[in-house]
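The residues making up each chain are set out below.
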Amino acid sequence: IVNHDKLDQILTRLCELVIDGQQRDPELYGMVAACVLDPDNRAVAALNYRRGHKDVHGERAAIEAYNKRFGEIPEGSIILTTCSPCTEPMPERVGDSCTDLIDSSPVHKVYAGYRDPSQNTQGNKKFHLQITKNKKIQALCKAFADTFLETQP
């Protein structure tokens, strides 16, 4: 994670993806977007969405979209996300936590717009998490997260 300007441009595009999804269908699309960026600068972004009665989180959606388009994620890839990866059990989520999913991939770096205070982002994980220093992006990503964090007990 070196070129913060480039990564912040991608985070900005992810924020636009969230806004677009909300305008298209707020019942289908959620408030977290993520992107897999590989060493060849191929980027595949996706928005979290409903699958049946469960939520496919942004990181899972991006990883699945990358796999479908390019195959396995190569070593040296990073994940960008508007909200730090979840760590806790969630019965409404499809699959394992995003942290476990990322840990099972070759990704070792995650760049996020906002750190979710309800999740244990300091725990045992194999990847390095860095939050953008761009205050405007942080504020926008926090506003997105506040829409679903307010509903949690």
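Everything in this summary refers to the structure shown in the same document. (Residues numbered from 1 in each chain as written. Predicted model: local features only at pLDDT ≥ 70, side-chain atom pairs only at ≥ 80, totals over all residues. Heavy atoms only, no water.)

Concerning the packing of helix α1 (residues 4-24) against helix α4 (residues 135-149)
Here α1 crosses α4 at 30°, and the two axes come no closer than 11 Å. Here α1 lies roughly parallel to α4, going by the angle between them. Helix-helix and strand crossings are classified by hand; for α1 and α4 the assignment is left-handed. On α4, the residues that touch Asp8, Leu11, Thr12, Cys15, Val18 and Ile19 of α1 are Ile137, Leu140, Cys141 and Phe144. (Axes fitted to C-alpha atoms, helices over the stretch in contact; angles between N-to-C directions. Helix = DSSP H or I, 4+ residues; strand = E, 2+ residues; numbered from the N terminus. Parallel < 35°, antiparallel > 145°, perpendicular 65-115°, else oblique. Left-handed = near helix turned anticlockwise from the far one by under 90°. Contact = heavy atoms within 4.5 Å.)

Describing the pairing of strand β4 (residues 78-81)
Across the two faces of β4 the burial is the same, with Ile78 and Leu80 and Ile79 and Thr81 all buried. After leaving β4, the chain enters helix α3 (residues 98-103) and then returns to the sheet as strand β5 (residues 109-112), a path that is right-handed. (Buried < 20%, exposed > 50% of the residue type's maximum accessible area, 1.4 Å probe, protein only. Right-handed = clockwise from strand over helix to strand, strands pointing away.)

Some words on the sheet that holds β4
Pairing is mixed in the open sheet, where six strands are placed in the order β3-β2-β1-β4-β5-β6. At either margin of the open sheet sits one strand with a lone partner, and together these are β3 (54-56) and β6 (128-131). Between one strand axis and the next, the sheet turns through 20° on average, direction left out of account. Bridge count between β5 and β6: four bridges; the pairing is parallel. Its bridge partner being in β6, Val110 is matched across the sheet by Leu129. Sheet contacts for α1: β1 (29-37), β2 (43-51), β4, β5 and β6; angle to β1, the most-contacted strand, approximately 150°. Those strands touched by helix α2 (residues 58-70) are β1, β2, β3 and β4, and its axis lies near 125° from that of β2. (Pairing = 2+ DSSP bridges.)

Bear in mind that shape data such as this cannot, by itself, settle questions of function.
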